[in-house]
Amino acid sequence: MRKVEIFDTTLRDGEQSPGVNLNTLEKLEIAKQLERLGIDVIEAGFPAASRGDLESVQLIANTVKNSSVTGLARAHQKDIDAAWEALKQSAEPRIHVFLATSPIHREFKLKMSKDEVVERAVEAVKYAKEKFPKVQFSAEDACRTEPEFLARVTEAVIKAGASVVNIPDTVGYITPKEIKELFLYLRNNVPNIDQAILSAHCHDDLGMATANSLAAIEGGAGQVEGTINGIGERAGNVALEEVAVALYIRNDFYKATTNMKLDEIKRTSNLVSKLTGMIVPANKAVIGDNAFAHESGIHQDGVLKEKTTYEIITPELIGVKSNKLVLGKLSGRHAFKNKAIELGFDLVDEKLNEAFQAFKDLADKKKEITDEDLFSILADKQTEAADVSHYELNSIQVQYGTENIPTATISATLPNGTEVTEAATGSGSVEAIYNTLERLLDEPVKLHDYKINSVSAGRDALAEVYVRIKHKGIETSGRGTAQDVLEASARAYLNAVNRVLTLEAQQLEVQKAHI
Ligand code: KIV
Ligand code: ZN
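Cut-offs and rules
Residue positions within a chain follow its written sequence, with the count starting from 1. Labels follow written order: the first chain is A, the first ligand is 1, and so on. Under the rules for a predicted model, residues below a pLDDT of 70 receive no local features and side-chain atom pairs below 80 are neither given nor counted, while totals for whole chains, interfaces and linings still include all residues. Side-chain numbers come from the whole structure's heavy atoms, not from hydrogens or water. Helix and strand assignments come from DSSP, with helices taken as H or I runs of at least 4 residues and strands as E runs of at least 2, each series counted from the N terminus. Multiplying 1.5 Å by the residue count of a helix minus one yields the expected span of that helix. A simple rule labels every residue: compare its accessible area, found with a 1.4 Å probe on the protein chains alone, to the largest value its type can have, and call it buried under 20%, exposed over 50%, or partly exposed in between. Here a polar contact means two N or O atoms within 3.5 Å. Within protein one must be a hydrogen donor candidate and the other an acceptor candidate, and residues neighboring in sequence count only if both atoms are side-chain atoms. Distances are taken per atom, and a residue is near a molecule or strand as soon as one of its heavy atoms is within 4 Å of it. Note that accessible areas follow from Shrake-Rupley with a 1.4 Å probe, and for residues the cover is restricted to the protein chains shown. When residues are sorted by character, Ala, Val, Leu, Ile, Met, Phe, Trp, Tyr, Cys and Pro go into the nonpolar class, Asp, Glu, Lys and Arg into the charged class, and all the rest, Gly among them, into the polar class. What makes two strands pair is DSSP finding at least two bridges between them. Note on method: axes are straight lines fitted to C-alpha atoms, helices fitted across the in-contact stretch only, with angles between N-to-C directions ranging 0 to 180 degrees. In what follows, residue pairs with any heavy atoms lying within 4.5 Å of each other are defined as contacts. Only protein atoms enter the 1 Å grid, on which a cavity is a set of points fitting a 1.4 Å probe that cannot get out and a pocket is an open set with protein on both sides within 12 Å along at least 5 of 7 lines, lining residues being those with an atom within 4 Å of a point. Grid points are joined across faces, edges and corners, and a volume is the space filled by probe spheres set on the points. Water is not part of the atom set, so a site may look incomplete; the donors themselves are N, O and S atoms within 2.8 Å of the metal, or 3.2 Å for Na, K and Ca. UniProt positions are given in the numbering used here, feature names are shortened, and annotations may be inferred rather than shown by experiment. Definition used for salt bridges: Asp or Glu carboxyl oxygen within 4 Å of a side-chain nitrogen of Lys or Arg. Roughly parallel here means an angle under 35 degrees, roughly antiparallel means over 145, roughly perpendicular means 65 to 115, and every remaining angle is called oblique. By convention, the crossing between two helices is left-handed when the near helix turns anticlockwise from the far helix through less than a right angle, and right-handed when the turn is clockwise.

Q: Hey, could you go over helix α1 (residues 24-36) for me, with residue numbers and the actual values?
A: Here α1 contains 13 residues, and its C-alpha end-to-end distance of 19 Å stays within 8% of the 18 Å for a straight helix at 1.5 Å per residue. Inspection of α1 places Glu 26, Lys 27, Leu 28, Glu 29, Ile 30, Ala 31, Gln 33, Leu 34 and Glu 35 among the buried residues, and these make up the whole buried set. By the N-cap criterion, in which a side-chain oxygen at the helix start approaches the backbone nitrogen of a residue two or three places on, α1 is capped by Asn 23, the distance to Leu 25 being 3.0 Å. Once α1 ends, the next one or two residues include Gly 38, with phi positive near 85°.

Q: So what's going on with unusual backbone geometry? Residues and values would help.
A: Of note in the backbone geometry, Asp 141 takes a positive phi value of approximately 60° without being a glycine. The topology assignment puts Asp 141 in the loop between β6 (134-140) and α6 (147-160). Positive phi values are uncommon outside glycine, yet Lys 255 reaches one of about 50°. Looking at the element boundaries, Lys 255 is found in the loop between α10 (251-254) and β10 (256-257).

Q: So, the site of ligand 1: which residues are in play, and what are the values?
A: Every residue lining ligand 1 is accounted for by Arg 12, Asp 13, His 96, Phe 98, Ser 138, Glu 140, Asn 166, Pro 168, Thr 170, His 201 and His 203. Here an oxygen atom of ligand 1 and a side-chain polar atom of Arg 12 are 3.0 Å apart. In the environment of ligand 1, an oxygen atom lies 3.1 Å from a nitrogen or oxygen atom belonging to the side chain of Asp 13. Compared with its free state, where it exposes 260 Å², ligand 1 has 94% of that area covered by protein. When residues of the shell around ligand 1 are traced back to their parent elements, those giving at least two are β5 (94-100), β6 and β7 (164-169). Within the shell around ligand 1, the residues separate by chemical class into two nonpolar, six polar and three charged.

Q: Before we move on, could you go through the sheet that holds strand β17 (residues 463-471) and cite the residues and values that matter?
A: Backbone-to-backbone hydrogen bonds join strands into a sheet, with any given pair of strands oriented parallel or antiparallel. Read from one edge of the open sheet, three strands run β16-β17-β18, paired in antiparallel fashion. Edge strands, defined here as strands with exactly one partner in the open sheet, are β16 (445-454) and β18 (474-482). Strand-to-strand, the axes of this sheet are offset by a mean angle of 15°, without reference to chain direction. Examined bridge by bridge, β16 and β17 share nine bridges and lie antiparallel to one another. Looking at the pairing, Ile 452 lines up with Val 465 of β17. Packing against the sheet, helix α16 (residues 429-439) makes contact with β16 and β17, and its axis sits at approximately 135° to β16.

Q: Describe the environment of Ala 156, and please don't skip the residues or the numbers.
A: With respect to the secondary-structure elements, Ala 156 resides in helix α6. Note on Ala 156: relative accessible area 19%, which makes it buried. Through-space distance from the C-alpha of Ala 156 to that of Val 125 is 9.6 Å; in sequence the pair is 31 residues apart.

Q: For empty space enclosed by the protein, give the residues involved together with the corresponding values.
A: Counted under the stated rule, the structure contains one cavity of 30 Å³ or more. The element that contributes the greatest number of residues to the lining of the largest cavity is helix α11 (residues 265-276), accounting for three residues.

Q: Tell me about the coordination of the zinc ion (ligand 2), and name the residues and values.
A: Distances from the zinc ion (ligand 2) to its protein donors, Asp 13 (OD), His 201 (NE2) and His 203 (NE2), fall within 2.0 to 2.1 Å. Sequence spacing of the donors to the zinc ion (ligand 2): D-x187-H-x1-H. Across this residue pair, the class does not change: His 201 and His 203 are buried.

Q: Could you give an account of the UniProt feature "binding site: Mn(2+)" (unreviewed entry) in the protein, with specific residues and numbers?
A: UniProt records the feature "binding site: Mn(2+)" (unreviewed entry) at Asp 13, His 201, His 203 and Asn 237, using the numbering of this structure. Sequence-wise these annotated residues cover 225 residues; spatially they are packed, their C-alpha atoms never more than 10.5 Å apart. Along the chain, His 201 turns up in strand β8 (residues 197-202). The residues contacting His 201, other than those within four sequence positions of it, are Thr 9, Arg 12, Asp 13, Asn 166, Ile 167, Pro 168, Asp 169, Glu 225 and Asn 237. Within the secondary structure, Asn 237 sits in the loop between β9 (223-226) and α9 (240-249). Accessibility expressed as a relative area gives 2% for Asn 237, which makes it buried. Discounting chain neighbours no more than four positions away, the residues touching Asn 237 are Thr 9, Asp 13, His 201, Cys 202, His 203, Asp 204, Gly 226, Thr 227, Gly 230, Ile 231 and Gly 232. Of note is the side chain of Asn 237, whose polar atom sits 2.9 Å from the side chain of Asp 13.

Q: Give me the lowdown on the pattern of salt bridges, citing residues and values where you can.
A: Under the counting rule described, the total for this entry stands at 35 salt bridges. One salt bridge in this structure joins Lys 114 and Glu 146, with 3.9 Å as the shortest N-O distance. Here Glu 146 lies in the loop between β6 and α6 and Lys 114 lies in helix α5 (residues 114-131), a separation of 32 residues in the sequence. Overall, the relative accessible area of 34% leaves Lys 114 in the partly exposed class. Judged by its relative accessible area of 22%, Glu 146 falls in the partly exposed class. Connected through shared salt-bridge partners, Glu 26, Lys 274, Asp 380, Glu 464, Arg 479 and Arg 499 make up one network.

Q: Describe the packing of α5 against α6, and please don't skip the residues or the numbers.
A: Running from N to C, α5 and α6 cross one another at 25°; their axes reach a closest spacing of 8 Å. Accordingly, the angle class assigned to the pair α5 and α6 is roughly parallel. In the packing of α5 onto α6, the handedness of the crossing is right-handed. Residues Lys 114, Asp 115, Val 117, Val 118, Ala 121, Val 122, Val 125, Lys 126 and Lys 129 of α5 pack against Phe 149, Arg 152, Val 153, Ala 156, Val 157 and Ala 160 of α6. Residues belonging to the contact of α5 with α6 are distributed by class as follows: 10 nonpolar, no polar and five charged.

Q: How would you explain α6 if you had to name every residue and give the values?
A: Between its first and last C-alpha atoms α6 spans 20 Å; for 14 residues at 1.5 Å apiece the expected length is 20 Å, and the two agree. Contact partners of the buried residues in α6: α4 (103-110), α5, β6, β7, α7 (176-189) and β8.

Q: So, the layout of surface pockets: which residues are in play, and what are the values?
A: By volume, the largest pocket is sized at about 1,200 Å³. Taken together, 37 residues line the largest pocket, and the ones lying closest to its centre are Lys 266, Asn 270, Asp 289, Glu 372 and Val 455. For the lining of the largest pocket, the secondary structure elements donating two or more residues are α11, α15 (371-383), β16 and β17. Examining the composition of the lining of the largest pocket, we find that six residues originate from one element, α11, more than from any other. Classifying every residue of the lining of the largest pocket by side-chain character gives 13 nonpolar, 12 polar and 12 charged. By volume, the second largest pocket amounts to about 1,000 Å³. A breakdown of the residues in the lining of the second largest pocket according to their chemical character gives nine nonpolar, nine polar and 13 charged.

Here you go:
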């Protein structure tokens, strides 16, 4: 049986989704889960982009042991040097160098001739190979590149030392028939192709990313790149869970397997969705909430008689567990710790105690505590430390009535440690809260997006709010969880402001380093 390697770029291409901005601990938590999922290669970031990116790639490379960790680099020495600094301690240092090859990119972006592109690609791969045992080269916009030229570049970079050549469909343009033919063409026309693996990297602009990735496998791709939940630039990347489950369910056709542990898919999807704020649509293939729901009478009748009439994927296959009650008001710390481990969290004592306290507080107010509630509490605690709490919410009071002007009064601690109380009005309760919080800041905040989601079902469910803001010229996202939607709204806003301040501090550091 052929084995297809899975290369995950959730933390690099996925993080390029508009408004997604993960802190270092969130990235680490996702990387650890990708390792548990059995991902072969984790692209942890773009080390040359900023000091913060470099440090998070480094932290992931030094933590993850069972997956290979890689970082992206343009075909420049300084990018390759930054990637080496981030990855040199990792178990299997691997770099991902890219350069565009298509006529559009050559003419308008790079202003380089074909010969110059080949020369630069070869030079970069040779330089990378002096440091890294494993070099992957990507021909950006490969699927709109002349096949003969793509074959020439592929042959040249393999000769220079690349052992993986990635063929991205950067703009999601190709069709399944064409990509299969392109891979077959490369396999038949690159003389040294047996010294490298060909890889597919499909974007979903025309909704064909999964079909294209599977067609590339038919054409001989030995590696598929994508993201969890298909997040990424524009319409996103291929959803890796779809590729892996398709290979499993239609093994009779594709005759290929992956190392992915399919029963870790649901947890991975939930974690990525929670930490990025990119909510998975209910009808999304494989992981959507409705993927296993049978609504019509005819389907329900069929499934009751024989599941396989309408069900080709079982919930258990991807690790969906029934939403059973888990812990209650009287549960102790020991039971809580066991449950945290069962849910895949490994918190240090201090964080575990804080999470336990949050659970106790919730159990006082909420009748049924579900796995989803605990997952939300634990993920928040596990990932919150990286955002130094510059501003902290102490208390909030909102007055609302259909005949009154909504008014919020908020007490908060400022970055210098002083506690202040402010009040303001708005046309709605959330606006009143945001107007009040803005008074605490020295510059205005532009709210670009606001989303609310309930963590589990029921009237007393936890609320999760996601915001996207622009403050001090920096655009970022924030999230807040609370049982009350207004408190969750305030927490999400302050979380985003705190992230801006962290990013601002990192940018200052980068500037200082350049002086
Ligand atoms: O889509 C793309 O071309 C990429 C490359 C950098 C691999 O993400
Ligand atoms: Zn991409």
